[in-house]
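An overview of the molecular structure
Each chain is listed here by its residues.
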Amino acid sequence: MIEILKPGFSTTIQDLGRFGYQDYGMPISGAMDTDAAKLANWLVGNHSNEAVLELTLIGPVMKFHSTTFIGITGANLNPQINGTAIAMYKSVKVEKGAVLSFGKLSSGVRTYISFSGGLQLEKELGSFSTYSYAALGGFQGRALKKGDRLLLNTKNITEVKKVPKEFQLAYTSSLTVRVLPSIEFDLFSEESQKTFFEKEYVIGAQSNRMGYRLEGDALCLKEKAELLSSGIITGTVQVPENGQPIVLLTDAQTTGGYPRIANVIAIDLPFLGQQKPGDKIRFRQVSLEEAQALNHNKNMRLKKLLKT
Amino acid sequence: MLKCEVYGDSAVLLTFSEGFSEEIHTIIVNYTRSLKEKKIEGIVAIIPAFTTITISYDAHIISFKELKALLLHIPLEEKKGQLTRLIEIPVCYDTEFGKDFEELILHTGLTKEEIISLHTAPEYLVYMLGFTPGFFYLGGLDEKLFCPRKANPRMRIEEGAVGIGGQQTGVYSVASPGGWQIIGKTPVKIFDKTNLETPFKVQQGDRIKFVEISLEEYKNLKHD
């Protein structure tokens, strides 16, 4: 069992998402950096979709009441056990009575912790992922609080694993994300189409798992358009009337009515999930073929590792 | 005619028409049913809306070209399905819940009784779901009840609140911020995660009828 002594800024339980209910308005949810979540689970011998903790910006303090193995990946929050720094991207044995805490954030924004055997929780609508707006999944459908106690499944691992360097992503506070032009791209003025690809945008303070509000040069349509609500997907960049783009992320609503200028490609979503308010973003156009080939190659390499 | 567009590197958008009508809605409901029955390997999510269906897919399993060919092959059927459900939703219009009746009465020039009678008369059509889990967009609100949203949206509207916003009416499926004029509340859960068989009360294509209940009936139903 682990006991939360301090909850951190926002610590939630996530897996790879809740699929199959999007036609009922249910967001997909799940880890913002799915690659890091998969690697964390691999470190402790779990399957990729096992529940992990997603830490945001400031890490929690937690006490282990039983011995287990953990894996920590994603943002570097300088993890410590009983005050001594421990390695990330490596399976670590935590003894009964030990306290896991975190220091200052030095890269990225979301850290993942896996536990060998996973957490003792019931899936809701097929997933462990916390979707707090509907009090669904995770631990009581909400972010963790001081005093929460999470039960661990016990599973001994025999092999200490280490994630090879090439899978340990480097996060930057100035990111270029690759996109495909989206459904309403042609409705934007030529100047705005140019601006979107040439100018830098800053991630605003009001950004969260639902979406990042970007701040920068306003984008406008050739002429005013009234759009009917339509299904949206993770990575959609939509532009409301004030011209400031919003990148929709894993907890976003399933439908939206603002013009969509671009879609972030799948391979760049985990990087995007590691951006925080104040970070800078630029957009670069790629082709569908290039985007899918990049993602295919990455996933094949990742799959090969996860099988070992 | 049916248009199939690239929508990012992991989805396509099917557009059935520019404009929106009950006929297009029927085609989309039928199409969604056929699509689900086909169980195409590689499809990850299906989101039907007013004139479109968004389909996300796993490009490792099915390519854009293969998916597009399969999607364009599914016939468009205009005939209404036999299985359209009529779902009655009890609503208590007592002023304990209907906090915005005064504003609505001022705007529409109708009495509270007239508003309730116009609101409970139609069989509304569920055009699509979205916004929050289980929330349904309805068509069929009497134009005498059209009313602008509140100038200052509320930070929190309770689950089950029934409201009117612009040309739409509906039920808040989970507690959320919102700008609709609130006229009542249903004791029925629109989204119920504890109901493992049917967590969502309503699906696209259903018909909805609001049925007036008293405060006492509301309390009894709420306790059941």
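Residue indices begin from 1 for each chain and proceed along its sequence in written order. Note on labels: chains are lettered from A, ligands numbered from 1, in written order. Totals for whole chains, interfaces and linings use every residue, but because this is a predicted model, local features are given only for residues with pLDDT of at least 70 and side-chain atom pairs only at 80 or more, for both listing and counting. Excluded from the side-chain calculations are hydrogens and water; all other atoms, namely the structure's heavy atoms, are used.

Some thoughts on the domain arrangement of chain B
All names here are of chain B.
- Boundary definitions for the domains trace back to an automatic or database domain assignment. Each assigned domain of chain B is listed with its residue range as follows: domain 1 (3-73) and domain 2 (86-223).
- Domain 1 puts 10 residues into the contact, and the matching count from domain 2 is eight residues.
- Defined here as a combined quantity, buried area equals the accessible surface (1.4 Å probe) lost by two parts on assembly, summed across both. The contact between domain 1 and domain 2 buries some 750 Å² in all, and 66% of this surface belongs to carbon and sulfur atoms.
- The largest contributions to the domain 1 side of the interface with domain 2 come from Glu22, His25 and Phe50, which together make up 58% of the buried area.
- A side-chain nitrogen of Lys or Arg and a carboxyl oxygen of Asp or Glu constitute a salt bridge if their distance falls within 4 Å. At the boundary of domain 1 and domain 2, one finds one salt bridge. Every residue pair with non-hydrogen atoms within 4.5 Å of one another is taken to be in contact.

Some points on the pattern of salt bridges
- One pass over the structure, following the stated rule, counts 22 salt bridges over all chains.
- Here Lys36 of chain B ties to Asp23 of chain A by a salt bridge, and the two come within 2.3 Å at their closest N and O atoms. Taken together, the positions of Lys36 of chain B in helix α1 (residues 22-38) and Asp23 of chain A in the loop between β2 (12-14) and α1 (34-43) put the pair across two chains.
- Each residue's exposure class comes from its accessible area (1.4 Å probe, protein chains only) as a fraction of the maximum for that residue type: buried when under 20%, exposed when over 50%, partly exposed otherwise. The buried category is assigned to Asp23 of chain A, whose relative accessible area is 12%.
- With a closest N to O distance of 2.5 Å, Lys185 of chain B and Glu158 of chain B form a salt bridge. Note on conventions: DSSP H or I runs of at least 4 residues are helices, E runs of at least 2 residues are strands, and numbering of each starts at the N terminus.

As for the sheet that holds strand β5 (residues 68-76) of chain A
All names here are of chain A.
- Only strands joined by at least two bridges in the DSSP assignment are considered to pair. One open sheet accounts for five strands, arranged β2-β3-β10-β5-β8; its pairing is antiparallel. Looking at strand neighbours, the two that pair on one side only are β2 and β8 (91-94), the edges of this open sheet. Direction aside, neighbouring strands of the sheet carry axes that sit 35° apart on average.
- One ladder, built from three bridges, connects β2 with strand β3 (residues 52-56); its direction is antiparallel. Residue Ile13 lies in a different strand from β3, and its bridge partner there is Leu53. Axis definition: a line fitted to C-alpha atoms, limited for helices to the stretch in contact. Angles are taken between N-to-C directions and run from 0 to 180 degrees.

What about helix α4 (residues 112-120) of chain B?
- Every buried residue of α4 of chain B is accounted for by Ile115, Ile116, Leu118, His119 and Thr120 of chain B.
- Residues of α4 of chain B that are buried sit in contact with α3 (101-108), β6 (124-129), β9 (161-165), β10 (168-171), β12 (181-185) and β13 (207-213) of chain B.

With respect to the nonpolar core
- For this analysis, a nonpolar core means a set of buried residues of the types Ala, Val, Leu, Ile, Met, Phe, Trp, Tyr and Cys, connected via side-chain atoms within 4.5 Å. Core analysis: the biggest nonpolar cluster contains 64 residues, and Leu53, Ile113 and Leu272 of chain A have the highest contact counts within it.
- Take this core: its biggest share by element is six residues, from α1 of chain A.
- The two domains that each donate at least three residues to this core are domain 1 (2-167) and domain 2 (174-307) of chain A.
- Look past the residues within four positions of Ile113 of chain A in its chain and what remains in contact with it is Val52, Leu53, Leu55, Met62, Ile70, Gly71, Ile72, Leu100 and Phe102 of chain A.
- Grouped together as the second largest cluster of nonpolar side chains are 35 residues, Leu118, Val126, Val171 and Ile190 of chain B included.

Concerning the interface of chain B and chain A
- On the side of chain A, 39 residues touch chain B, which itself brings 41 residues to the contact.
- Taking both partners together, chain B and chain A bury about 3,200 Å²; carbon and sulfur atoms supply 63% of that area.
- Three residues stand out in chain B for area buried against chain A, namely Tyr7, Asp9 and His60 of chain B, and they jointly supply 23% of the buried area on that side.
- Our count for the chain B to chain A interface comes out at two salt bridges.
- Across the pair Lys193 of chain B and Glu124 of chain A runs a salt bridge whose closest N-O atoms are separated by 3.2 Å.
- Polar contact is defined as a pair of N or O atoms within 3.5 Å, subject to the rule that within protein one atom must be able to donate a hydrogen and the other to accept it, and that residues adjacent in sequence are counted only when both atoms are side-chain atoms. At the surface where chain B touches chain A, the tally comes to 18 residue pairs in polar contact (both at pLDDT 80 or more).
- Among the elements of the structure, β1 (3-6), β2 (11-15), β3 (43-48), β4 (52-57) and β6 of chain B are those that each provide at least two residues to the side of chain B that touches chain A.
- Per element, the largest residue contribution to the side of chain B that touches chain A is five residues, and it comes from β3 of chain B.

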